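# Architecture at a glance
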Amino acid sequence: MNKYSLLVLVTLYVSNIGGNLRAAPVEPVVRYQGPISSAGVARLERELTGRGQTLVITSEGGNGFAAIRMASLIRARGVKVVADKYCMSGCASHILPAGYSSIVKPNTFVAFHNTMTSTYLVARSLDPELAERRYAAAARAELDLYRKLKINPILLTLPVFRMGPVCAFVLRAKDGKSQDVLYITKNKVYLPGRALLGAYGYPAAAQLPASESEMRNAFRLNLPPTLQLTVRADFASADRSVTALQIEQALTNLPVCTAEAQRTALSAWRPPPD
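Please read all numbers here as calculations on a predicted model, not as lab measurements. (Residues numbered from 1 in each chain as written. Predicted model: local features only at pLDDT ≥ 70, side-chain atom pairs only at ≥ 80, totals over all residues. Heavy atoms only, no water.)

### Regarding the environment of glycine 193
With respect to the helices and strands, glycine 193 occurs in the loop between strand E11 (189-192) and helix H7 (194-199). Residue glycine 193 is classed as buried on the basis of its relative accessible area, which comes to 0%. Spatially, the C-alpha atoms of glycine 193 and glycine 164 are 17 Å apart, while their sequence positions differ by 29 residues. In contact with glycine 193, not counting residues within four places along its chain, are Asp234 and Phe235. (Helix = DSSP H or I, 4+ residues; strand = E, 2+ residues; numbered from the N terminus. Buried < 20%, exposed > 50% of the residue type's maximum accessible area, 1.4 Å probe, protein only. Contact = heavy atoms within 4.5 Å.)

### Quick look at helix H2 (residues 64-77)
For H2, spanning 14 residues, the distance from its first C-alpha to its last is 20 Å, which sits close to the expected 20 Å at 1.5 Å a residue. All buried positions along H2 are accounted for by Ala66, Ala67, Ile68, Met70, Ala71, Leu73 and Ile74. Where H2 begins, the capping side chain belongs to asparagine 63, and its oxygen is found 2.9 Å from the backbone nitrogen of phenylalanine 65. Just downstream of H2, glycine 78 is the residue with a positive phi angle, here 65°. (Expected span 1.5 Å × (residues − 1). Polar contact = N/O pair within 3.5 Å; in protein donor to acceptor, adjacent residues only side chain to side chain.)

### A closer look at the packing of aromatic side chains
The geometry of an aromatic ring pair is captured by two quantities: the separation of the ring centres and the angle between the planes. What the rule picks out here adds up to two aromatic pairs. Residues phenylalanine 109 and phenylalanine 219 carry aromatic rings whose centres are separated by 5.4 Å and whose planes lie at 90° to one another, so their mutual orientation is edge-to-face. Of this pair, phenylalanine 109 sits in strand E8 (residues 109-111) while phenylalanine 219 sits in helix H8 (residues 212-222), placing them 110 residues apart in sequence. Exposure remark for phenylalanine 109: the relative accessible area of 1% places this residue in the buried category. The partly exposed category is assigned to phenylalanine 219, whose relative accessible area is 24%. Both rings, one in phenylalanine 112 and one in tyrosine 202, keep their centres 5.4 Å apart while their planes meet at 70°; by these two values the pair is edge-to-face. Of this pair, phenylalanine 112 sits in the loop between E8 and helix H4 (116-126) while tyrosine 202 sits in the loop between H7 and H8, placing them 90 residues apart in sequence. (Phe/Tyr/Trp six-rings, centres within 6.5 Å; stacked < 30°, edge-to-face > 60°.)

### Regarding the nonpolar core
Ile74, Ile95 and Tyr202 are the most contacted members of the largest nonpolar core, which totals 64 residues. With nine residues, helix H5 (residues 128-149) is the single largest residue contributor to this core. Filtering out sequence-adjacent residues up to four positions away, isoleucine 74 remains in contact with Leu48, Leu55, Val79, Val81, Ile95, Ala98 and Gly99. In this structure, Met88, Ala111, Leu191 and Met215 belong to the second largest nonpolar core, which totals 10 residues. (Core = buried A, V, L, I, M, F, W, Y, C linked by side-chain atoms within 4.5 Å.)

### Some remarks on empty space enclosed by the protein
Unfilled space is identified by rolling a water-sized probe across the atoms. Taken as a whole, this structure holds one cavity of 30 Å³ or more when the rule is applied. Approximately 50 Å³ is the volume attributed to the largest cavity. Class assignment of the residues belonging to the lining of the largest cavity gives a composition of eight nonpolar, no polar and no charged. (1 Å grid on protein atoms, 1.4 Å probe; cavity = no way out; pocket = protein on both sides within 12 Å on 5 of 7 lines; lining within 4 Å. Points joined across faces, edges and corners; volume = space filled by probe spheres on them. Nonpolar A, V, L, I, M, F, W, Y, C, P; charged D, E, K, R; others polar.)

### So, the side chain of serine 102
Of note, serine 102 is situated in strand E7 (residues 102-104). Under the relative-accessibility criterion, serine 102 is labelled buried at 10%. At 2.6 Å, the side chain of serine 102 forms a polar contact with the backbone oxygen of leucine 96. Here serine 102 is in contact with Val81, Leu96, Pro97, Pro203, Ala204 and Gln207, once residues within four sequence places are set aside.

### Focus: unusual backbone geometry
The phi torsion at asparagine 107 lies on the positive side, around 65°, for a residue other than glycine. Relative to the elements of secondary structure, asparagine 107 occurs in the loop between E7 and E8. Taking the relative accessible area as the measure of exposure, asparagine 107 reaches 36% and is therefore partly exposed. In this structure, lysine 150 is a non-glycine residue whose phi angle is positive, near 60°. Its location among the elements puts lysine 150 in the loop between H5 and helix H6 (158-163).

### Some points on the pairing of E11
Consecutive side chains along a regular strand alternate between the two faces of the sheet. Side chains Val189 and Leu191 of E11 all project onto a buried face; the interleaved residues Tyr190 and Pro192 project onto the opposite face, where all are buried too. Across four bridges, the pairing between E11 and strand E12 (residues 231-234) is parallel. Directly across from proline 192, in E12, lies its bridge partner aspartate 234. (Pairing = 2+ DSSP bridges.)

### Some details on the packing of H2 against H5
Packing of H2 against H5 brings their axes to within 10 Å, and their N-to-C directions diverge by 30°. The angle between H2 and H5 falls in the class roughly parallel. Considering the relative orientation of H2 and H5, their crossing is left-handed. On the side of H2, the interface is formed by Phe65, Ile68, Ala71 and Arg75, while H5 contributes Arg134, Tyr135, Ala138, Ala141, Glu142, Leu145, Lys148 and Leu149. (Axes fitted to C-alpha atoms, helices over the stretch in contact; angles between N-to-C directions. Parallel < 35°, antiparallel > 145°, perpendicular 65-115°, else oblique. Left-handed = near helix turned anticlockwise from the far one by under 90°.)

Pasting the structure below:
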């Protein structure tokens, strides 16, 4: 079993009058727990066969490219998505809203992080070739997904903007080739308020925590103690004055992190799962 994810397909059976077992016409449930990865996408491609199924997900996020593929699969097959315990980063921005219907269980911690679109904008000024080679296609796929879901695409970049980006730098391979872009923010995740998410067309907005106390309760009850997070929350705000252009200008003009800041960031950084 993959140590990063757990998928359980639950199918109930009943006996008919003649005593033979047959599959009952009940909704099958697929459970996914752990980081979003290419291996997880491959399993869901096998397990999610079509409309009428429910995906119950508990995830801290993971591979952004895999999150886009997983969301596209969920949408194409008409699957209901239920967020349970915690749903962060790619789970919140891609998986949950892609469902045929989207449900958030009580006391579930839902938080936003970076996307391929925000990373593309940051990379554009640091290394244009890397931005186009690694992130441009994924950013276009995210935009296409949000258009189909009728969600305002500003939600692809607003979280990082609200998290307070400080600086960025290019992570290079041993041969010196640009490999990835990392950036430092004042907070690790962002929690928009219900009103703001609802105004931007995010499904299940009304099911998210409505106050800081509800958010802290979900955090306390369901987040693993190994997840150390600093949170920027805007529960009381429905302010939509910030524009996509303002966000783009901010993310494409981040200063390069100092050598000391890069060392500190790399000491805590863990590469996402494949």
